[in-house]
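An overview of the molecular structure
Residue-level listing of the chains:
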Amino acid sequence: MSQLVTDISMLWAKYRMVYLTGIANTLILATSATLIGCIIGFLCGILQTIPINSKDSIIKRVFLRLIRIIIRAYVEIFRGTPMILQAVFIFYGMPYFFNISFDNIWTVSIIVVSVNTGAYMAESVRGGIMSIDKGQFEGAKAIGMNHWQTMLYIVLPQTLRNIMPQIGNNYIINVKDTSVMFIIGFSDFFAIHKMVSGAVFKYFPSAFIEMAGYLCLTLLASFLLRRLEKKMAGKSSYELASADQLVMTAGTYKYPEEDGSPFEEKNKD
Amino acid sequence: MSEHILEIRHLSKAFGTNAVLKDIDFTVDKGDVTTIIGASGSGKSTLLRCINLLETPTTGDILFHGQDISKGRLNSSAYRAKVGMVFQNFNLFNNLTVLANCIIGQQKVLKIKADEARKRALYYLNKVGMAPYINARPDQISGGQKQRVAIARALAMEPEVLLFDEPTSALDPEMVGEVLEVMKALATKDNMTMLVVTHEMSFARDVSTHVVYMADGVIEEEGDPARIFTNPENQKTREFLKRILNE
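Residues numbered from 1 in each chain as written. Chains lettered and ligands numbered in written order. Predicted model: local features only at pLDDT ≥ 70, side-chain atom pairs only at ≥ 80, totals over all residues. Heavy atoms only, no water.

This next bit is on the overall build of chain A. A count of helical and extended segments in chain A gives ten helices and zero strands. Its helices and strands taken in sequence order, chain A reads α-α-α-α-α-α-α-α-α-α from the N to the C terminus. Scored against the burial criterion, the 269 residues of chain A give a buried share of 42%. For chain A, the proportion of contacts with a sequence separation of at least 24, taken over those separated by at least 6, is 75%. (Helix = DSSP H or I, 4+ residues; strand = E, 2+ residues; numbered from the N terminus. Buried < 20%, exposed > 50% of the residue type's maximum accessible area, 1.4 Å probe, protein only. Contact = heavy atoms within 4.5 Å.)

It is worth spelling out the pairing of strand E6 (residues 83–86) of chain B at this point. All names here are of chain B. Side chains Val-83 and Met-85 project from E6 onto one buried face, and the interleaved Gly-84 and Val-86 project onto a second face that is buried too. Here E6 pairs with strand E7 (residues 161–165) via four bridges, running parallel. Each bridged residue has a counterpart across the sheet, and for Gly-84 the counterpart in E7 is Leu-162. (Pairing = 2+ DSSP bridges.)

Residues and elements named next belong to chain B. If you check the backbone angles, Leu-53 has positive phi at about 60° while not being a glycine. Of note in this structure, Asn-91 is not a glycine but carries a positive phi near 55°. Relative to the assigned elements, Asn-91 resides in the loop between E6 and helix H3 (98–108). For Asn-91, a relative accessible area of 7% puts it in the buried group.

On to the sheet that holds strand E4 (residues 59–64) of chain B. All names here are of chain B. Strand order in the open sheet formed by four strands is E2-E1-E4-E5, and the pairing between neighbours is antiparallel. Since the sheet does not close on itself, it has two edges, and those belong to strand E2 (18–29) and strand E5 (67–68), each with one partner. Pairing of strand E1 (residues 4–15) with E2, which is carried by eight bridges, proceeds in the antiparallel orientation. For Ile-8, the partnering residue across the bridge sits in E2 and is Phe-26.

Let us now look at the confidence of the model for chain B. In low-pLDDT segments, the atomic positions of the prediction should not be examined closely. Of the residues in chain B, 97% reach a pLDDT of 70 or more, and the chain-wide mean stands at 91. Scored as a complex, the prediction yields pTM 0.84 and ipTM 0.91. (pLDDT = per-residue confidence, 0-100.)

Here we take up the environment of B:Ala136. For B:Ala136, the location among the structural elements is in the loop between helix H4 (114–127) and helix H5 (143–156). Judged by relative accessible area, which is 0%, B:Ala136 ranks as buried. Once the C-alpha coordinates of B:Ala136 and B:His4 are considered, the two residues, 132 residues apart in sequence, prove to be 39 Å apart. Leaving out residues up to four positions away in the same chain, B:Ala136 has contacts with A:Tyr238, B:Thr97, B:Val98 and B:Ile141.

Structure representation (structure tokens):
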């Protein structure tokens with residue numbers, strides 16, 4: 001037992017900076033890929049839920065169906081294969097098809113994790129949009145909003161709030177699962193373990209540091225996500241606006257300024 | 001000479017083989033307060049939803065100021081902005097405060113500047129007695145209050161005609177009065193053109209200028225409320241009124 005403590009403190013003293021760099025890399029990759037993945041997911045979710053009317057032109061209908069098929073295929077492929085293989089596939093496969101090779105590991109890693117997260121998010125967003133009450137769409141339509149305005153100002157803000165737990169879930173999964181990126185040489189937190197333990201043969205002490213490190217990261221992440229969720233839910237109470245406030249801010253009772261009431265104004269003509 | 005705002009011509013609507021509206025014909029003139037009454041399932045709400053293009057009519061025309069809207073010449077969003085709608089279930093935007101609910105349409109659809117839109121929103125919220133609640137979210141206010149905000153939201157678009165789809169049906173009995181008061185004020189003081197689907201016979205009789213009785217997707221009888229309520233010509237109307245007024 002005391003041996004373990006000694007080993008851990010030795011490792012930490014010697015490789016602290018390396019571990020911390022690994023943690024930083026993991027966090028940067030997980031955070032940026034989750035954000036990009038969310039954007040991909042939202043785009044896919046919106047595109048998939050554009051209503052197809054029998055009144056639309058045939059070209060528009062075919063186009064919308066095609067989009068749905070492509071998104072479906074994307075989701076199934078990236079959800080249905082291991083991320084570790086996707087990384088290998090893209091990193092080593094691209095040079096065969098295109099005249100490019102990735103010299104930047106960061107680029108590949110962010111692409112792979114983002115695209116993977118996006119596939120999961122696409123389904124969450126689709127479900128989130130479908131769960132919004134039909135009345136919200138009708139209310140927006142009835143005041144003259146088009147599909148994009150309805151989505152942007154009414155439906156998506158509510159969807160985002162509803163799927164926040166799932167975004168958090170994905171983020172925590174990403175913090176852990178970015179560890180598979182060691183396969184293409186990305187030096188995340190787990191890759192550091194391989195490196196350090198390979199150099200000094202202290203497998204268990206290093207794994208102990210890793211375990212504690214990952215747990216701290218995910219606990220911190222879920223704490224922050226809870227806070228964010230609470231904040232998004234808004235205040236639980238509201239303040240009544242006093243008469244003063246209303247008069248001062250807007251001259252409420254005078255609109256429109258010339259005539260007493262817009263209705264009277266309309267009836268004149 | 002009154003001016004036709006809406007003319008409904010031979011409008012029919014079928015869901016599959018189920019014909020809900022059959023050859024509906026009627027006109028809404030400026031300043032009219034028309035109530036549509038009839039039993040549940042008679043097609044009243046569908047008619048209203050067709051007028052606002054929330055449902056696409058199977059056949060027939062809707063003319064807005066003499067212009068056919070179902071042919072798609074007039075942009076349907078622009079048309080909807082001129083025809084306000086108040087729903088049975090309010091349909092307030094849950095992600096926005098009371099004030100923002102009344103502002104968003106003005107800003108995004110009518111492209112009105114923020115401070116002007118705020119002024120207008122406050123003016124109409126004050127009209128329905130909801131100005132003190134501008135900071136509340138829809139889930140924090142009562143049903144009657146929600147419906148009054150929904151009316152203010154529709155009014156803030158300054159529509160030419162306001163459609164009400166059973167505005168008091170989802171409310172607790174003690175909240176029906178406050179909403180009817182607001183509607184009554186709109187009808188009598190402001191001469192708003194209104195088309196109201198309702199089960200509130202007192203509103204139909206005392207406030208409206210024109211009553212339409214519908215049964216099984218057909219307009220059975222229409223006319224002056226005083227005459228319809230005292231001396232209906234149609235047998236079906238008579239039975240319906242007898243049934244509902246004795247409840």
